[in-house]
Amino acid sequence: SDLVVVLLAGWAALYNSPAFSIQNVVVNGVEHLTSDEMAQLANVPADTTLLRVDQATIESRVEQNAWVADAQVNLVFPDTLEINVTERPIFAVVEIPTGSNAAVKQWLIAEDHVWLMPIPDAKSEAAKTTSSKVYDDAANVLHIKDVPYGTKAAIGEECTDANVNNALSILSGLTTELSGRIAAVSAAGTAETTLILDNGVEVAFGKAEDIRDKERVVLQILADNADSVSYINVRIVDSPTWRSV
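Rules and cut-offs
- Residues numbered from 1 in each chain as written.
- Predicted model: local features only at pLDDT ≥ 70, side-chain atom pairs only at ≥ 80, totals over all residues.
- Heavy atoms only, no water.
- Helix = DSSP H or I, 4+ residues; strand = E, 2+ residues; numbered from the N terminus.
- Rg over C-alpha atoms; globule rule 2.2 N^0.38 Å.
- Buried < 20%, exposed > 50% of the residue type's maximum accessible area, 1.4 Å probe, protein only.
- Contact = heavy atoms within 4.5 Å.
- Areas by Shrake-Rupley, 256 points an atom, 1.4 Å probe, with all protein chains shown as cover.
- Lys, Arg positive; Asp, Glu negative; His and termini not counted.
- Charge placed at Lys NZ, Arg CZ, Asp CG, Glu CD.
- Polar contact = N/O pair within 3.5 Å; in protein donor to acceptor, adjacent residues only side chain to side chain.
- Pairing = 2+ DSSP bridges.
- Axes fitted to C-alpha atoms, helices over the stretch in contact; angles between N-to-C directions.

Visitor: It is not clear to me how the overall build of the protein should be interpreted in this structure. Could you clarify?
Guide: When helices and strands are counted, the protein shows 7 helices and 12 strands. Relative to a compact globule of 245 residues, whose C-alpha radius of gyration would be 18 Å, the protein shows 25 Å and is clearly more extended. By principal-axis analysis of the C-alpha atoms, the protein measures approximately 90 × 45 × 30 Å. By residue count, 41% of the 245 residues in the protein fall in the buried class. In the protein, of all internal contacts separated by at least 6 residues, the share reaching a separation of at least 24 is 53%. On the protein, roughly 13100 Å² of surface is accessible, and the fraction owed to carbon and sulfur atoms is 50%. In the protein, which carries 16 positive and 34 negative side-chain charges, the distance between the mean positions of the two groups comes to 7 Å.

Visitor: What am I meant to see in the side chain of H32 here?
Guide: Residue placement: H32 occurs in the loop between β1 (24-28) and α2 (35-42). We classify H32 as buried; its relative accessible area is 4%. Among the polar contacts made by the side chain of H32, one reaches the side chain of E87 at a distance of 2.7 Å. Within polar-contact distance, the side chain of H32 engages the side chain of D137 at 2.7 Å. Every residue in contact with H32, bar those within four places of it in the chain, is listed here: E37, W67, E87, I90, S131, K133, V134 and D137.

Visitor: When you look at the sheet that holds β1 in this model, what are you seeing that I'm missing?
Guide: The strands that make up a sheet are held in pairs by hydrogen bonds between backbone atoms, and each pair lies either parallel or antiparallel. Strand order in the open sheet made by the 3 strands is β1-β3-β2, with mixed pairing throughout. Each having just a single partner strand, β1 and β2 (68-76) make up the two edges of the open sheet. Taking each pair of neighbouring strands and ignoring which way they run, the sheet shows an average axis angle of 20°. In the sheet, β2 pairs with strand β3 (residues 80-87) via 8 bridges, with the strands oriented antiparallel. From the neighbouring strand, V76 faces β3, where its bridge partner is T80. Each of β2 and β3 is contacted by helix α3 (residues 55-63), which is oriented at about 150° to β2, the strand it contacts most.

See the structure below:
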């Protein structure tokens, strides 16, 4: 028992000493957050050590950010704290009306329907502190447009708008080459949801149900009619209609 007391005393001295003080914080897996944003999120106390650091608190603080799906904090002795982040990738840009005129605010949304952020205007002050990866990725994802005025978005919140959610569910549910041919989605209503293809063909898709059957029918109509189709309606998959150019 004397040995246990000595060990405990030794541990207490080590725990309270500056040994293993954190000199480096390494962050892995982050593309859409800047190093300044990560430093603020992690908020590692300046005088802490690897023995005293509260890993769970740091993980939970980092995970409060909308971009972060998961965070793991590892201790790398003698002096490094490693934060491994799994980010939510950008899935789509949602064009949200900002007034009665045609102005829209472009919001980024993830595949799990979490709002990531509004895209700052490229010439704004906010743009200067936004990762360039945000702009790069936003330029390469689909736009969901025509959502009704009054649609709400909030950073880190799950989308509650039925029209946007319906469009996201369709995009997530597509399993054929049709997925790669969509240029934009019009989401004026769930039943009115329309896919605009890269060749200008409009596909009235409707609700996010019977998705595989609907896309199979669309592909068949496109294959049978070469470039002579301008509009396809598969809202009711058992009775599709189409119009020629």
